[in-house]
Amino acid sequence: MSGAATLLRDVFGFDGFRPGQQEIVEAVTAGENVLAIMPTGGGKSLCFQMPALLREGVTVVISPLIALMRDQVRALQELGVGAGALTSGNTPEETDAVWEGLEAGTLKLLYMAPERLAAGSVIGMLKRVGVSMIAVDEAHCVSQWGHDFRPDYLRIGELRRALNVPLAAFTATADAETQVEIVQKLFDGAGPRAFLRGFDRPNIHLAFAAKNSPRAQILNFAAGRKGQSGIVYCGTRAKTEGLAKALRDEGHVALHYHGGMEAEDRRIAERRFQQEDGLIVVATVAFGMGIDKPDIRWVAHADLPKSIEAYYQEIGRAGRDGSPAETLTLFGSDDIRLRRSQIDEGIAPPERRTADHGRLNALLGLAEALECRRKTLLGYFDETEISCGRCDLCDTPADVFDGTTAVRKALSAMLRTDEWFGSGHLIDILLGNETDKIRERGHTSLPTYGVGTEYDKRQWQAVFRQMMGHDLVRPDAERHGALRMTDAALPILRGEAQISLRRDSIRAAGATRRPAVKMLVSEEDAPLLSALKAKRRGLAEAAKVPAYIIFNDRTLIEMAEKRPDSLDAMARVGGVGAKKLESYGRAFLDVINGASQEMHPTRRKLAGREAGTVYDRLLEVQAELARGAAGTDKPLSCSASLLAKVAQLRNADDTALERLLGDKRAERFGPAFLDVLREAG
Ligand code: ADP
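The shown structure was predicted, so the numbers you read here are calculated from the model rather than taken from an experiment.

Examining the overall build of the protein
- From N to C terminus, the protein includes 32 helices and 18 strands.
- Oriented by its inertia axes, the alpha-carbon framework of the protein measures out at about 90 × 80 × 45 Å.
- Contacts in the protein between residues at least 24 apart in sequence constitute 72% of all its contacts with a sequence separation of at least 6.
- When the accessible surface of the protein is summed, it comes to about 31300 Å², and 49% of that surface belongs to carbon and sulfur atoms.
- Placing the 90 positive and 93 negative side-chain charges of the protein at their respective mean positions leaves the two points 2 Å apart.

Structural notes on the sheet that holds strand E1 (residues 34-37)
- Strand order in the open sheet formed by seven strands is E3-E4-E2-E5-E6-E1-E7, and the pairing between neighbours is parallel. The sheet is open, and its two edges are formed by strand E3 (83-86) and strand E7 (193-196), each paired on a single side. Within the sheet, the average angular offset between the axes of one strand and its neighbour, ignoring direction, is 20 degrees.
- With four bridges connecting them, strand E2 (residues 58-62) and strand E4 (residues 109-112) associate as parallel partners. Counterpart to Ile62 in the pairing with E4 is Met112.
- In the packing of helix H3 (residues 44-54) onto the sheet, contacts are made with E2, E4, strand E5 (131-136) and strand E6 (167-171), and the angle to E4 comes to roughly 135 degrees.

Description of the packing of aromatic side chains
- Tallied over the entire structure, the rule returns 14 aromatic pairs.
- Here the aromatic rings of Phe208 and Tyr311 are separated by 5.2 Å at their centres, their planes lie at 35 degrees, and the arrangement is tilted. Of the two residues, Phe208 sits in strand E9 (residues 208-210) while Tyr311 sits in helix H12 (residues 308-315), which places them 103 residues apart along the sequence. Across the pair, Tyr311 and Phe208 agree in class, each one buried.
- Consider the rings of Phe273 and Phe287, whose centres lie 5.4 Å apart with planes at 70 degrees: the pair is edge-to-face. Pair noted here: Phe273 is in helix H11 (residues 263-275) and Phe287 is in the loop between strand E12 (280-283) and strand E13 (298-301), with a separation of 14 residues, a long-range link. Across this residue pair, the class does not change: Phe273 and Phe287 are buried.
- Among the aromatic residues, ring-to-ring pairing joins Phe401, Tyr455, Trp460 and Phe464 into one connected group.
- Taking the ring centre of Phe221 as reference, the NZ or CZ of Arg225 above it sits at 3.9 Å.
- In this arrangement the basic side chain of Lys293 is found over the ring face of Phe273, its NZ or CZ atom lying 5.5 Å from the centre.

Things to note about the side chain of Arg201
- Relative to the helices and strands, Arg201 is located in the loop between E7 and strand E8 (204-205).
- We note that Arg201 is buried and unpaired, the nearest opposite charge coming from Asp321 at a distance of 7.2 Å.
- For Arg201, the side chain forms a polar contact with the main-chain oxygen of Gly319, separated by 3.4 Å.
- Excluding residues within four positions of it along the chain, Arg201 makes contact with Pro39, Thr40, Gly41, Tyr312, Gly316, Ala318, Gly319, Arg320 and Arg374.

A look at helix H6 (residues 121-128)
- Three or more residues of H6 are buried, namely Val122, Ile123, Met125 and Leu126. Taken down its axis, H6 places every buried residue within 160 degrees of arc, on the same side. Turned more than 90 degrees from where H6 packs its buried face, Ser121, Lys127 and Arg128 sit exposed.
- In this structure, the buried side of H6 is in contact with E2, E3, helix H5 (92-104), E4, E5 and helix H7 (156-163).

Details of the state of the cysteines
- This model, assessed by the stated rule, comprises zero disulfides.
- Cys47 forms no disulfide, and the closest cysteine sulfur to it belongs to Cys141, at a distance of 18 Å.
- Given a relative accessible area of 0%, Cys47 falls into the buried group.

A closer look at the side chain of Asp152
- Mapped onto the elements of the fold, Asp152 is located in the loop between E5 and H7.
- Excluding its chain neighbours within four sequence positions, the residues that come into contact with Asp152 are Pro114, Glu115, Leu117 and Ala118.

Focus: the nonpolar core
- Counting 89 residues, the largest nonpolar core has Leu126, Leu186 and Trp460 as the members making the most contacts within it.
- Not counting the four nearest positions on each side in its chain, Trp460 is found in contact with Ala406, Lys409, Ala410, Ile427, Leu430, Leu431, Gly452 and Tyr455.
- Among the nonpolar cores identified, the runner-up in size contains 33 residues, and Ala4, Leu8, Ala27 and Val81 belong to it.

Points about the domain arrangement of the protein
- Taken domain by domain, the protein holds domain 1 (2-196), domain 2 (204-331 + 368-395), domain 3 (400-510), domain 4 (526-599) and domain 5 (610-680).
- Each of domain 4 and domain 5 was reduced to a C-alpha centroid, and the two centroids are 37 Å apart.

Looking at the packing of helix H9 (residues 214-223) against helix H10 (residues 237-249)
- Contact geometry for H9 and H10: axes closest at 11 Å, N-to-C directions at 45 degrees. For the element pair H9 / H10, the angle class is oblique. Considering only the axes of H9 and H10, their crossing is right-handed. Together, Arg215, Ile218, Leu219 and Ala222 of H9 and Gly242, Leu243, Ala246 and Leu247 of H10 make up the contact between the two elements.
- Grouping the amino acids of the contact of H9 with H10 by side-chain chemistry returns six nonpolar, one polar and one charged.

Brief notes about the pattern of salt bridges
- Tallied over the entire structure, the rule returns 41 salt bridges.
- As a salt-bridge pair, Asp334 and Arg337 come within 2.8 Å of each other at their nearest N and O atoms. Residue Asp334 and its partner Arg337 are located together in helix H13 (residues 333-345), separated by three residues, close to a single helical turn.
- What makes Asp334 exposed here is its relative accessible area of 56%.
- In this structure, Asp590 and Arg586 form a salt bridge, with 3.7 Å as the shortest nitrogen-oxygen distance. Within this pair, Asp590 and its partner Arg586 are both found in helix H27 (residues 578-597), separated by four residues, close to a single helical turn.
- Taken together, the shared-partner salt bridges in this structure form one network comprising Asp277, Arg297, Asp321, Arg536 and Asp553.

Here we look at the site of the ligand
- In the vicinity of the ligand, 14 residues are found, and the nearest of them are Gly16, Gly41, Lys44, Ser45 and Arg320.
- A distance of 2.6 Å separates an oxygen atom of the ligand from a polar atom in the backbone of Gly41.
- Note that an oxygen atom of the ligand is positioned 2.5 Å from one of the side-chain N or O atoms of Ser45.
- Burial of the ligand by the protein amounts to 84% of the accessible area it has alone, namely 570 Å².
- Classifying every residue of the shell around the ligand by side-chain character gives four nonpolar, seven polar and three charged.

Analysis parameters
Residues numbered from 1 in each chain as written. Predicted model: local features only at pLDDT ≥ 70, side-chain atom pairs only at ≥ 80, totals over all residues. Heavy atoms only, no water. Helix = DSSP H or I, 4+ residues; strand = E, 2+ residues; numbered from the N terminus. Contact = heavy atoms within 4.5 Å. Areas by Shrake-Rupley, 256 points an atom, 1.4 Å probe, with all protein chains shown as cover. Lys, Arg positive; Asp, Glu negative; His and termini not counted. Charge placed at Lys NZ, Arg CZ, Asp CG, Glu CD. Pairing = 2+ DSSP bridges. Axes fitted to C-alpha atoms, helices over the stretch in contact; angles between N-to-C directions. Phe/Tyr/Trp six-rings, centres within 6.5 Å; stacked < 30°, edge-to-face > 60°. Buried < 20%, exposed > 50% of the residue type's maximum accessible area, 1.4 Å probe, protein only. Lys NZ or Arg CZ within 6 Å of the ring centre and 35° of its normal. Salt bridge = Lys/Arg side-chain N within 4 Å of Asp/Glu carboxyl O. Polar contact = N/O pair within 3.5 Å; in protein donor to acceptor, adjacent residues only side chain to side chain. Arc of directions from axis to C-beta. Disulfide = S-S within 2.5 Å. Core = buried A, V, L, I, M, F, W, Y, C linked by side-chain atoms within 4.5 Å. Domains from an automatic or database assignment. Parallel < 35°, antiparallel > 145°, perpendicular 65-115°, else oblique. Left-handed = near helix turned anticlockwise from the far one by under 90°. Nonpolar A, V, L, I, M, F, W, Y, C, P; charged D, E, K, R; others polar. Near = heavy atom within 4 Å.

Here it is in structure tokens:
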């Protein structure tokens, strides 16, 4: 496999395989039938692209979305790989170029939409051009029960039989039923070699917060990540528009997106998101399929998703390039109520509804988790050996208390009022608030009236929310959302089980201090990273391709940190393959070298001289004293030319400095400058 290692380095520009890739590449290259299940961002494309280069002949890639196909083809062409697509979106020139490549034998990867297989002539054509392998991306589209079903995927089996070549199928959908269907439909039931990669996405940080002032929570989260591409998922269309505007008002570049928009407007938003750097899309879940941007740095949920699977899929859009990415999911009692009623009022048959409640419960269990989120999340997908350290509960362990008594009091208040009330009224009973409603109903005489004064209203709200999260109580749509007890609460009510609750989740959410903007690199490297990104943007716009096709974030970060000073050094940066080195190496090298020489012209005149070093020290001292020794005075500074004069002063003393600087500046900086000059001798 040394050929593979060389290809990985020279063509794809990667230092090594991601977990699982190598075995798959080996099996596919060897011509085995393969089914590979890897999480989004795991690096599936490489697992068929590389074998395609290692094998004789052409590999046909079936993929469901034209836009994604075009992006992959463009990315491959940038790497110097012969790739083309036959889709309905092609210009005649593009189609001609594909045919020429096929005739000349230079095309190694031919992407095709499944619809193309419907044309009778296609199979004959593929036979003629020497297709030696079929790769199927998003293979779960063959599943009739899944929501991504594409009828034309059912033709792939026929294609495989007709061509009699190996087939490699890839998907991120794990469930067993889908796998069985894929094996039946694509491989005629003859078991392919299966690879199942773990579902952990270690670079994604997980965090949940109880809703407090949700809009401020989202704005804060975004403020800490300004200039980074992100998605905010909202529960309603109206909210996407409001929140996008609020983000724009705070200086972000933000768009809204939902299923009610004109198809054309949606396409524009998708395109902009894909191409631009640092754009935020505020969307409903309609935004997703068709998004293949590897450098999404964060995903926030302004409302609770509908199930744990939906949550996993939505946060999974972040950080596909493997660089750190962050997520935040907000949730509150209203979300739980809404999601429950959507299930109850849906048209699904009863057993389906029970399953949906279960999937929502799993998500709520994650939201109210007391320890590591990742363990809880992956535990749901039957994965155990997890090490985390990248979730809010690993960062700051939950503050847990024994909530058994509180829960029993709350249940008692519910049961004594015959489960006809919502949490607001129940909390009034527990706190002994004599409201009109309490008086009218005679609830002051209940034994539970006023028994909960050890907590305030907020804390009781958190208790009720957690009770809903643990599915001890559920709102009943037929009783206008009144809370009813579930069987799960019985052991607690009877004193047979205890329950731990989180104390701090509300308080933590309340701490809405603006976070400092999170940097992708150290402060020192940040200006260079911006300069590299600006160069990338310019090149991407000129070539009309998404920025990451030039270089992804991770590559730019490595450049900013390692600062290669030659093309040789540049070639050792991850993500810089031979073709990209040739196309862009020089341009980025110039940015890096330019950055290290970027100095004030006045300072440049002192370069290489003693006075240059003195100048730099003066600049530092001046920065420290810019607002006086105590840091509270009016800002003051000296111009570059003035500093240059100071740096070149001979036999400096107080008077000389005062003459040069004037009273005010001499008072602020004089003594410190003098120290610098004396140190320099
Ligand atoms: P998937 O289709 O599994 O979601 P992709 O094939 O799109 O994932 O890969 C996700 C990202 O990971 C891409 O930006 C790709 O360039 C990058 N990638 C893939 N393999 C490697 C590797 N071995 N080393 C570094 N980056 C990789």
